[in-house]
Amino acid sequence: MKMNSETQAIRLARLVQKHIQSPLYELVLPSVMIQSKKLKKLSRGDLLLTGFDRLDLLLMDGEKICANAQLKKSDKRYSTEIIDLPKDTEKQYDSKKYKNLMISFGKVQSKVLEPGQTIDITHLNLERVTLVLKGKKVAEGSLVSVDKEIAIEIEKVN
């Protein structure tokens, strides 16, 4: 059976699109400092207060902040809109007493990072987060509100 050239071109285009990878970024809340001893005692059912009263988001590549973003809702669907690109970011260092904890929603892809750009996040569950310390999963949980402040209820400790 012969395929005509238009069908071949469409199939080739689809094949190429599947293999073109956009950069992956971690969609996170701003990092939270937590006492080392409290981190070691973290258990299911614990509440971790973040100190945030609104949902500011960051796009990160490893330890580098690539963009500041905000949640955007249109037609009952959520996306992330890039607000700005930080010129310089200060790296937060751990100490013996405190650890820098990343709160991740998951990975997103974007070919372009520029203010006003929107990124589809419909594949993410914005109620569930993963707590990450130095690239390793520490715990999983869900976002809750405690006295009008964003908190994380720990559901699983790794």
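These remarks concern the structure in this document. (Residues numbered from 1 in each chain as written. Predicted model: local features only at pLDDT ≥ 70, side-chain atom pairs only at ≥ 80, totals over all residues. Heavy atoms only, no water.)

### So, the overall build of the protein chain
Next up, step 1: When its secondary structure is counted, the protein chain shows two helices and ten strands.
Next up, step 2: Overall, the protein chain shows an N-to-C arrangement of helices and strands of α-β-α-β-β-β-β-β-β-β-β-β.
Next up, step 3: Within the protein chain, buried positions represent 34% of all 158 residues.
Next up, step 4: Restricting to contacts in the protein chain with at least 6 residues of sequence separation, those with at least 24 account for 61%.
Next up, step 5: In the form shown here, the protein chain has an accessible surface area of approximately 11,100 Å², with 49% of it arising from carbon and sulfur atoms. (Helix = DSSP H or I, 4+ residues; strand = E, 2+ residues; numbered from the N terminus. Buried < 20%, exposed > 50% of the residue type's maximum accessible area, 1.4 Å probe, protein only. Contact = heavy atoms within 4.5 Å. Areas by Shrake-Rupley, 256 points an atom, 1.4 Å probe, with all protein chains shown as cover.)

### What to know about a positive patch on the surface
Next up, step 1: Together, Lys37, Lys38, Lys41 and Lys97 line one region of the surface with positive charge.
Next up, step 2: Looking at where Lys41 falls in the secondary structure, it is placed in the loop between helix H2 (36-40) and strand E2 (47-52). (Patch = residues over 30% accessible without salt bridge, like charges linked within 9 Å, V, L, I, M, F, W, Y side chains within 5 Å. Salt bridge = Lys/Arg side-chain N within 4 Å of Asp/Glu carboxyl O. Lys, Arg positive; Asp, Glu negative; His and termini not counted. Charge placed at Lys NZ, Arg CZ, Asp CG, Glu CD.)

### Brief notes about the pairing of strand E6 (residues 98-109)
Next up, step 1: Of all twelve residues that make up E6, nine are buried, and the element is covered over most of its length.
Next up, step 2: Sheet topology note: the strand E1 (residues 24-35)/E6 ladder contains ten bridges and is antiparallel. Considered in E6, the bridge of Val32 is made with Leu101.
Next up, step 3: Bridge analysis of E6 against strand E8 (residues 128-133) gives three bridges, and the strand direction is antiparallel. Bridge pairing in E8 places Met102 opposite Val132. (Pairing = 2+ DSSP bridges.)

### Let's talk about unusual backbone geometry
Next up, step 1: In this structure, Asp147 takes a positive phi of about 50 degrees despite not being glycine.
Next up, step 2: Summarising the element assignment, Asp147 is placed in the loop between strand E9 (136-146) and strand E10 (149-157).
Next up, step 3: Taking the relative accessible area as the measure of exposure, Asp147 reaches 77% and is therefore exposed.
Next up, step 4: One non-glycine residue, Lys148, lies in the positive phi region at around 60 degrees.
Next up, step 5: Inspection of the secondary structure puts Lys148 in the loop between E9 and E10.
Next up, step 6: For Lys148, a relative accessible area of 76% puts it in the exposed group.

### Concerning the nonpolar core
Next up, step 1: Membership of the largest hydrophobic core comes to 30 residues, with the highest contact counts inside it found for Leu27, Leu59, Val108 and Leu131.
Next up, step 2: Listed by contribution, the elements that provide at least two residues to this core are E1, E2, strand E3 (56-61), strand E4 (64-74), E6, E8, E9 and E10.
Next up, step 3: In terms of residue count, E1 provides more of this core than any other element does, five residues in total.
Next up, step 4: Ignoring anything within four residues of it in the chain, the contact list for Leu59 reads Tyr25, Glu26, Leu27, Lys64, Ile65, Cys66, Ala67, Ile82, Val108, Leu113 and Ile119. (Core = buried A, V, L, I, M, F, W, Y, C linked by side-chain atoms within 4.5 Å.)

### What about the side chain of Ser79?
Next up, step 1: Of note, Ser79 is situated in strand E5 (residues 77-84).
Next up, step 2: Beyond its immediate stretch of four places on either side in the chain, Ser79 contacts Gln70, Leu71, Lys72, Thr118, Ile119 and Ile121.

### Observations regarding the sheet that holds E5
Hydrogen bonds between backbone atoms are what pair the strands of a sheet, whose relative direction is either parallel or antiparallel.
Next up, step 1: Pairing is antiparallel across the open sheet formed by ten strands, whose spatial order is E2-E10-E9-E8-E6-E1-E3-E4-E5-E7. Because the sheet does not close on itself, it has two edges, and the strands there are E2 and strand E7 (118-120). Sheet twist, expressed as the mean angle between neighbouring strand axes with direction ignored, is 40 degrees.
Next up, step 2: The pairing of E3 with E4 spans six bridges and is antiparallel. When the bridges of E4 are listed, Asp56 appears paired with Gln70. (Axes fitted to C-alpha atoms, helices over the stretch in contact; angles between N-to-C directions.)

It is worth stressing that arrangement in space is one thing and function is another; only the former is reported here.
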